[in-house]
Amino acid sequence: MCKFCAEHGAGKRWYLNTKNYVDEMVKNDKEREEFVRNFAATVEKDGAYRILEALTPFKSESWMDRSRELREWYIYWHQGQPVTIEETKEIMKIASPIAKVECLCRRVLRAETGGEKYCLLFGMLLDYIRDWPDFTPTGVEPLTVDEAIDEVVRRDREGLVHTVWTFKTPYIAAVCQCATPVCLALRQALDFGYMLHKGEYVGVIDTAKCDGCGECVSRCQFGAIKFDPVIGKAYIDMWKCYGCGVCRAVCDRGAISMRERQSIPELKDEWFEPIKVPGSGRWE
Amino acid sequence: MSGLNRLKSRAVGGGSEMVEIRFDKEKCIGALRCGECLRRCPQAVFRSYPENRRRGEICDEWYLAPTYQVLCTGCGICIEHCKPGALSLIC
Ligand code: SF4
Ligand code: SF4
Ligand code: SF4
Ligand code: SF4
């Protein structure tokens, strides 16, 4: 069980605990209310500069400390974690109301303004977001539970990673559909080791079933799937796997399955990418 | 240009030397209107953000921050594609 499940799960996965979705959490907590209220107004600029500032003295000894601080900041305020499609469907039944909006990350990182709505937002965050048309340039599209489930299933087939997001942990108000490098969280996790917590599962390929078609290799947004040219089959680097499960959708042979991270002693405390100094070869 | 070539020659591996990207707000035609540098940078070094965003209104001023400049390899692609010349490299 990860720290989040232990503290906020009430015996379940923390993101399947209905308590973490109720509006009272916002109403009864001034600090959280302020964070949710200001999110759309300030997130892009604050993020761009908070991280630039943390990354600037990258040659100095303070790099590690600042990166650790930033990791803690995200854990406290705005933590993400990949969830499998099975669990994402469960979340759609718990969260309410649900609406989809354009993706903030694709806009700020790659200037994408195509009107494609990738992100699902829930609850009170929606009330606040409507005040900022600029944050949602093509509007807020409400979805029923069934529509939301269809939406996440479609995104799973497209190979996008589902991630849950907190707005002052453990309150959950969003599920995004992410890819590298257009998702801020995926790229920040892979390049710098913060913002995205690893998932509760790890993928495993059954080599007896795998026929070596290679479809899954480019599917993995985390670069965890490799091809072994000697045996002619794919395998998953479990240290790199985030447990999103999207690779399964392309495997006709049903060779990929998910295993509980907790059942693997070496990986049970592996929740973050190591913080590293770019180019220096130094790892935490 | 010699500075750029020097940068290119040591670009392998990425971001190992401190390269500073300078951004001239006055010259940029707007990150959402253009966005060439955002889309083209192989390292996704830039982030855009709105300035003076107001409740209930669409914001037209989107600028750039070289947020991930520690990953910049000095390849110069962003500079090549910025028509108004709003970007430059300092090394
Ligand atoms: S998609 Fe399935 S069968 Fe094809 S290489 Fe991957 S695991 Fe093997
Ligand atoms: S190998 Fe792991 S991280 Fe990659 S797609 Fe499969 S489950 Fe997701
Ligand atoms: S020179 Fe420009 S395009 Fe090349 S890595 Fe640096 S910021 Fe990106
Ligand atoms: S390419 Fe130049 S003009 Fe276009 S957004 Fe980037 S800095 Fe601005």
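Here the structure is a predicted model, which means the values were calculated and not measured.

A closer look at the overall build of chain A
Thought 1: Within chain A, the regular secondary structure consists of ten helices and ten strands.
Thought 2: Scaling as 2.2 N^0.38, a compact globule of 284 residues should have a C-alpha radius of gyration of about 19 Å, and chain A matches this with 19 Å.
Thought 3: Summarising its shape, the C-alpha atoms of chain A cover approximately 55 × 50 × 40 Å along the three principal directions.
Thought 4: Across the 284 residues that make up chain A, the buried fraction comes to 58%.
Thought 5: Within chain A, residue pairs in contact and separated by at least 24 positions form 71% of the contacts whose partners lie at least 6 positions apart.
Thought 6: With an accessible surface of roughly 11800 Å², chain A has 51% of that area assigned to carbon and sulfur atoms.
Thought 7: Of the side-chain charges in chain A, 40 are positive and 44 negative, and the distance between the mean point of each set is 2 Å.

Focus: the overall build of chain B
Thought 1: When helices and strands are tallied, chain B shows three helices and four strands.
Thought 2: Sequence-ordered secondary structure for chain B, helices as α and strands as β, is α-β-α-β-β-α-β.
Thought 3: Sorting the 91 residues of chain B into buried and exposed places 47% on the buried side.
Thought 4: In chain B, the share of contacts with a sequence separation of at least 24, taken over all contacts with a separation of at least 6, comes to 62%.
Thought 5: Summing over all exposed atoms, chain B offers an accessible surface of approximately 4700 Å²; the carbon and sulfur share of this is 49%.

Section: the pattern of salt bridges
All names here are of chain A.
Thought 1: Scanning the entire structure with this criterion turns up 34 salt bridges over all chains.
Thought 2: Between Glu151 and Arg154 there is a salt bridge; the shortest N-O distance is 3.1 Å. Of the two residues, Glu151 and Arg154 both sit in helix 8 (residues 145-158), three residues apart, roughly one turn of that helix.
Thought 3: Overall, the relative accessible area of 6% leaves Glu151 in the buried class.
Thought 4: On the basis of relative accessibility, which here comes to 34%, the residue Arg154 falls in the partly exposed class.
Thought 5: For Glu158, the salt bridge is made with Arg154, and the minimal N-O distance between the two is 3.5 Å.

A short note on the confidence of the model for chain B
Residues and elements named next belong to chain B.
Thought 1: Per-residue confidence for chain B averages 81 on the pLDDT scale, and 80% of its residues sit at or above 70.
Thought 2: Low pLDDT, under 50, characterises residues 1-16; the predicted model gives this stretch 26 contacts beyond four residues in sequence or across chains.
Thought 3: Our summary of model confidence lists the complex with pTM equal to 0.90 and ipTM equal to 0.84.

Brief notes about the pairing of strand 8 (residues 225-228) of chain A
Thought 1: Inspection of the sheet shows strand 8 of chain A paired to strand 9 (residues 233-236) of chain A by four bridges, in the antiparallel sense. Within strand 9 of chain A, the residue paired with Lys226(A) across the bridge is Tyr235(A).

Concerning the side chain of His78(A)
All names here are of chain A.
Thought 1: Along the chain, His78 turns up in the loop between helix 4 (62-77) and strand 1 (80-82).
Thought 2: Judged by relative accessible area, His78 falls into the buried class, the value being 10%.
Thought 3: Within the structure, His78 has its side chain in polar contact with the backbone oxygen of Thr166 (distance 2.7 Å).
Thought 4: Leaving out residues up to four positions away in the same chain, His78 has contacts with Phe35, Phe39, Trp73, Trp165, Thr166, Phe167 and Met195.

Some remarks on the environment of Phe135(A)
Thought 1: Structurally, Phe135(A) can be placed in the loop between helix 7 (124-129) and strand 4 (141-143).
Thought 2: The class of Phe135(A) is buried, set by a relative accessible area of 5%.
Thought 3: Residues Phe135(A) and Ala185(A) lie 50 residues apart in sequence; the distance between their C-alpha atoms is 18 Å.
Thought 4: Apart from the residues within four sequence positions on either side, Phe135(A) is in contact with Phe39(A), Ala40(A), Val43(A), Glu44(A), Leu104(A), Arg107(A), Ile129(A) and Arg53(B).

Concerning the domain arrangement of chain A
All names here are of chain A.
Thought 1: The domain architecture assigned to chain A consists of domain 1 (3-192) and domain 2 (201-263).
Thought 2: If you average the C-alpha positions of domain 1 and of domain 2, the two centres end up 26 Å apart.
Thought 3: Taken together, the 21 residues of domain 1 in the interface contact eleven residues of domain 2.
Thought 4: Taking both sides of the interface into account, the surface hidden between domain 1 and domain 2 amounts to around 1300 Å²; carbon and sulfur atoms contribute 53%.
Thought 5: For the interface between domain 1 and domain 2, the tally reads two salt bridges.
Thought 6: Measuring nitrogen to oxygen at the nearest pair gives 2.9 Å for the salt bridge that ties Glu260 to Arg13.
Thought 7: Where domain 1 packs against domain 2, one counts six residue pairs in polar contact (both at pLDDT 80 or more).
Thought 8: Looking at the side of domain 1 that touches domain 2, the elements with two or more residues in it are helix 5 (85-94), helix 8, strand 5 (161-166) and helix 9 (184-192).
Thought 9: Partitioned by chemical class, the residues of the side of domain 1 that touches domain 2 number eleven nonpolar, four polar and six charged.

What counts and how
- Residues numbered from 1 in each chain as written.
- Chains lettered and ligands numbered in written order.
- Predicted model: local features only at pLDDT ≥ 70, side-chain atom pairs only at ≥ 80, totals over all residues.
- Heavy atoms only, no water.
- Helix = DSSP H or I, 4+ residues; strand = E, 2+ residues; numbered from the N terminus.
- Rg over C-alpha atoms; globule rule 2.2 N^0.38 Å.
- Buried < 20%, exposed > 50% of the residue type's maximum accessible area, 1.4 Å probe, protein only.
- Contact = heavy atoms within 4.5 Å.
- Areas by Shrake-Rupley, 256 points an atom, 1.4 Å probe, with all protein chains shown as cover.
- Lys, Arg positive; Asp, Glu negative; His and termini not counted.
- Charge placed at Lys NZ, Arg CZ, Asp CG, Glu CD.
- Salt bridge = Lys/Arg side-chain N within 4 Å of Asp/Glu carboxyl O.
- pLDDT = per-residue confidence, 0-100.
- Pairing = 2+ DSSP bridges.
- Polar contact = N/O pair within 3.5 Å; in protein donor to acceptor, adjacent residues only side chain to side chain.
- Domains from an automatic or database assignment.
- Buried area = accessible area lost by both parts, 1.4 Å probe.
- Nonpolar A, V, L, I, M, F, W, Y, C, P; charged D, E, K, R; others polar.

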